[in-house]
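If you want the building blocks of each chain, they are given just below.
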Amino acid sequence: MARVTSEFWVSAYLRRVRLQGGFPVLRKRGAAEAGAIAIVIARGDRLSALYLPAPQSEFGEGESLDRKFASAFPEGFVEEYRVEEKLTREIRFDPDVWIVEVEDRDGRSFLEPVQD
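Before going into details, it helps to say that this report is about the structure given with it. Here the structure is a predicted model, which is why all the values come from computation and not from measurement.

1. Looking at the environment of Pro74
So, point 1. Mapped onto the elements, Pro74 comes out in the loop between strand S4 (69-71) and strand S5 (78-79).
So, point 2. With relative accessibility at 83%, the residue Pro74 sits in the exposed group.
So, point 3. Spatially, the C-alpha atom of Pro74 lies 9.9 Å from that of Ala49, the residues being 25 residues apart in sequence.

2. Observations regarding the pattern of salt bridges
So, point 1. Inspection of the entire model under this criterion finds eight salt bridges.
So, point 2. The closest approach of N and O atoms between Arg82 and Glu75, which form a salt bridge, is 2.9 Å.
So, point 3. For Arg82, a relative accessible area of 25% puts it in the partly exposed group.
So, point 4. Judged by its relative accessible area of 45%, Glu75 falls in the partly exposed class.
So, point 5. Note that Lys86 and Glu90 form a salt bridge whose closest N and O atoms lie 3.7 Å from each other. In this pair, Lys86 and Glu90 both sit in helix H2 (residues 80-93), four residues apart, roughly one turn of the helix.
So, point 6. Overall, Glu90 belongs to the partly exposed group, its relative accessible area being 22%.
So, point 7. Members of the salt-bridge network, linked through shared partners, are Arg27, Glu84 and Glu101.

3. A closer look at helix H1 (residues 6-19)
So, point 1. Between its first and last C-alpha, H1 extends 20 Å over 14 residues, near the 20 Å set by a 1.5 Å rise per residue.
So, point 2. All of the buried residues in H1 are Ser6, Trp9, Val10, Tyr13, Leu14 and Val17. The buried residues of H1 all sit within an arc of 135 degrees when viewed along its axis, so they share a single face. The exposed residues of H1 that point more than 90 degrees off its buried face are Phe8, Arg15, Arg18 and Leu19.
So, point 3. Buried residues belonging to H1 abut strand S1 (23-28), strand S2 (37-42), S4 and strand S6 (98-103).
So, point 4. Of the residues one or two after H1, Gly21 is the one with positive phi, at around 95 degrees.

4. Some points on the nonpolar core
So, point 1. Counting 16 residues, the largest nonpolar core has Trp9, Tyr13 and Ile39 as the members making the most contacts within it.
So, point 2. The set of elements that each furnish at least two residues to this core consists of H1, S2, strand S3 (47-53) and S6.
So, point 3. For this core, the leading source of residues is H1, giving five residues.
So, point 4. Excluding its chain neighbours within four sequence positions, the residues that come into contact with Trp9 are Val4, Arg16, Ile37, Ile39, Arg67, Phe69 and Leu111.
So, point 5. Formed by ten residues, the second largest nonpolar core is a distinct cluster that contains Ala38, Val40, Val97 and Ile99.

5. Description of unusual backbone geometry
So, point 1. A positive phi is found at Arg46, a non-glycine position, where the angle reads about 70 degrees.
So, point 2. Positive phi is not limited to glycine here, since Phe110 has a value of about 60 degrees.
So, point 3. With respect to the helices and strands, Phe110 occurs in the segment after S6.

How each quantity is defined
- Residues numbered from 1 in each chain as written.
- Predicted model: local features only at pLDDT ≥ 70, side-chain atom pairs only at ≥ 80, totals over all residues.
- Heavy atoms only, no water.
- Helix = DSSP H or I, 4+ residues; strand = E, 2+ residues; numbered from the N terminus.
- Buried < 20%, exposed > 50% of the residue type's maximum accessible area, 1.4 Å probe, protein only.
- Salt bridge = Lys/Arg side-chain N within 4 Å of Asp/Glu carboxyl O.
- Expected span 1.5 Å × (residues − 1).
- Arc of directions from axis to C-beta.
- Contact = heavy atoms within 4.5 Å.
- Core = buried A, V, L, I, M, F, W, Y, C linked by side-chain atoms within 4.5 Å.

The following block contains the structure:
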């Protein structure tokens, strides 16, 4: 089974977040078919979390092709400037990356991140 496009996944994610009470914003549109997706979670206390695509090593043989995400920082929520610095590096590395930011006071990501 083929994986859904990045554009479709982001559209569905934005809708899911809205329906569950979060406030999502598409900060940067990436490549429609297969652009990487970065998710920023802002709690409103100057701390944010960043989720990036999980490494391929996290996918087992025969496992679903669903997208998986991992926290970019071991401590989870960090100062906003650290998230922005990391995003700047990601954009330099991959200009086709999508960036979605979610404002949620409870810090919910609306994702199922890979557990370390």
